[in-house]
Amino acid sequence: MTGIAAPAPFLLVGCGNMAGAMLRRWLDVGLDPASVTVIRLSGQPVAPGIRVLKAVPESGPPPALVLLGVKPQKIDEVAPDLAGALGDATILVSILAGVEHRSLRDRFPAARTIVRAMPNTPVALGKGVTGLYAAGGTAADRAAVERLMAALGLVEWTDDEATFDLLGTLTGCGPAFVFRFVDALAAAGAALGLEAAQAARLATATVEGAGLLTAGSGETPSRLADRVASPGGSTREGLNVLDADEALATLVRRTLEASFRRGREMAEAARRG
Ligand SMILES: NC(=O)c1ccc[n+]([C@@H]2O[C@H](COP(=O)([O-])OP(=O)(O)OC[C@H]3O[C@@H](n4cnc5c(N)ncnc54)[C@H](OP(=O)(O)O)[C@@H]3O)[C@@H](O)[C@H]2O)c1
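Figured I'd write up the structure that's included with this text. Everything numeric here is computed off the predicted structure, so don't read it as measured data. (Residues numbered from 1 in each chain as written. Predicted model: local features only at pLDDT ≥ 70, side-chain atom pairs only at ≥ 80, totals over all residues. Heavy atoms only, no water.)

## Digging into the site of the ligand
Rules: We call a residue near a given molecule or strand whenever any one of its heavy atoms falls within 4 Å of it. A 3.5 Å cut-off defines polar contacts: any pair of N or O atoms within that distance qualifies, except that in protein one atom must be a possible hydrogen donor and the other a possible acceptor, and neighbouring residues in sequence count only when both atoms are side-chain atoms. Residue exposure ignores everything except the shown protein chains as possible cover, and the areas themselves are Shrake-Rupley values with a 1.4 Å probe. In this count, Pro and Cys sit with the nonpolar residues alongside Ala, Val, Leu, Ile, Met, Phe, Trp and Tyr, while Asp, Glu, Lys and Arg are called charged and the others, Gly among them, polar.
In the vicinity of the ligand there are 22 residues, among which C15, M18, R40, S42 and V70 approach most closely. Separating an oxygen atom of the ligand from a backbone N or O atom of G16 is a distance of 3.1 Å. Here E77 contributes a side-chain N or O atom positioned 2.9 Å from a nitrogen atom of the ligand. With the chains in place, 81% of the 900 Å² that the ligand exposes on its own is no longer accessible. Taken together, the residues of the shell around the ligand sort by class into 12 nonpolar, six polar and four charged.

## Comments concerning the nonpolar core
Quick reminder of the rule: In this description, a nonpolar core means a group of buried Ala, Val, Leu, Ile, Met, Phe, Trp, Tyr and Cys residues linked to one another through side-chain atoms lying within 4.5 Å. Exposure is judged per residue with a 1.4 Å probe applied to protein chains only, and the accessible area is read against the type maximum: over 50% gives exposed, under 20% gives buried, and values in between give partly exposed. Helix numbering and strand numbering both begin at the N terminus, where a helix is a DSSP run of H or I of at least 4 residues and a strand a DSSP run of E of at least 2. Here, two residues are considered to be in contact whenever any of their heavy atoms come within 4.5 Å of each other.
Residues F10, L12, M22, W26, L67, V93 and M149 are the most contacted members of the largest nonpolar core, which totals 33 residues. Of all the elements in the fold, those that place two or more residues in this core are β1 (10–13), α1 (17–28), β2 (36–39), β4 (65–68), β5 (91–94), β6 (113–118), β7 (128–134) and α4 (139–150). No other element matches α1, which puts six residues into this core. In contact with L67, not counting residues within four places along its chain, are F10, L11, L12, V13, A19, M22, W26, V93 and I95. Within the second largest apolar cluster, 21 residues are counted, among which are I39, V66, I75 and A85.

Nothing here speaks to function; it is geometry throughout.
The following block contains the structure:
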């Protein structure tokens, strides 16, 4: 994909791990750096041709698009200045976990369209997942946001904010859980005698290959597991450990529930202001 365009001027407020990964991908697929201004506390350069400021400019044309990418706890540090800079044609996209549409609308009344987006870090490779939710706004604005996010990987809309929070928990937090699994697989290999660096390489490539197969084979993960686990064989013996008393399923359910609960707490904090 080349020559992607975003509504301009395009303002990124916060450009750390997540917003930075999104921006890297957009630049890779041809976004014009001259259309982008980054606001970040450190003022550190982001990429050639991109203007970086430490605070929202007090004058100038209102941004056509804002990506709000600070930590949820920082929203009230940036909201007053940012709200004053928005125009009635501004699209505001928030990637803040747990900060609900109502909390955003209260803080940014001028924005024409507010979209909540929940991406994950593989967006940097165009292999991310981004959940989208908008209450109100224009169809054209929603389409513009969708086009931009489609350059990052899979895009899924939902028209229910509770579902959005749920799918955002799965996709936003999910990569970290998979990274832990890669580490655990490597550590288990090392514990059995493999050299640690080799075990890490093997575990990483194995998860990459298995992920691609899951996405590309058209078969369910359960069927794929059965295909490599003949009865009485070594893979089946290992799966029996993961499956006993639903050990892995229970652990992962508790993991996701904990993240979802924390998201709700953050939403509550943002509601209180
Ligand atoms: N990480 C993920 O996988 C993920 C997934 C989905 C959603 N999110 C959401 O993405 C958001 C950012 O997370 P992150 O992991 O990218 O955090 P991060 O790496 O800490 O980035 C935060 C950014 O905010 C900037 N910042 C802090 N205070 C500011 C202020 N007062 N004015 C302007 N900029 C300010 C920081 O500036 P400096 O760079 O100068 O320090 C930094 O660029 C969060 O709301 C999170 O819920 C994250």
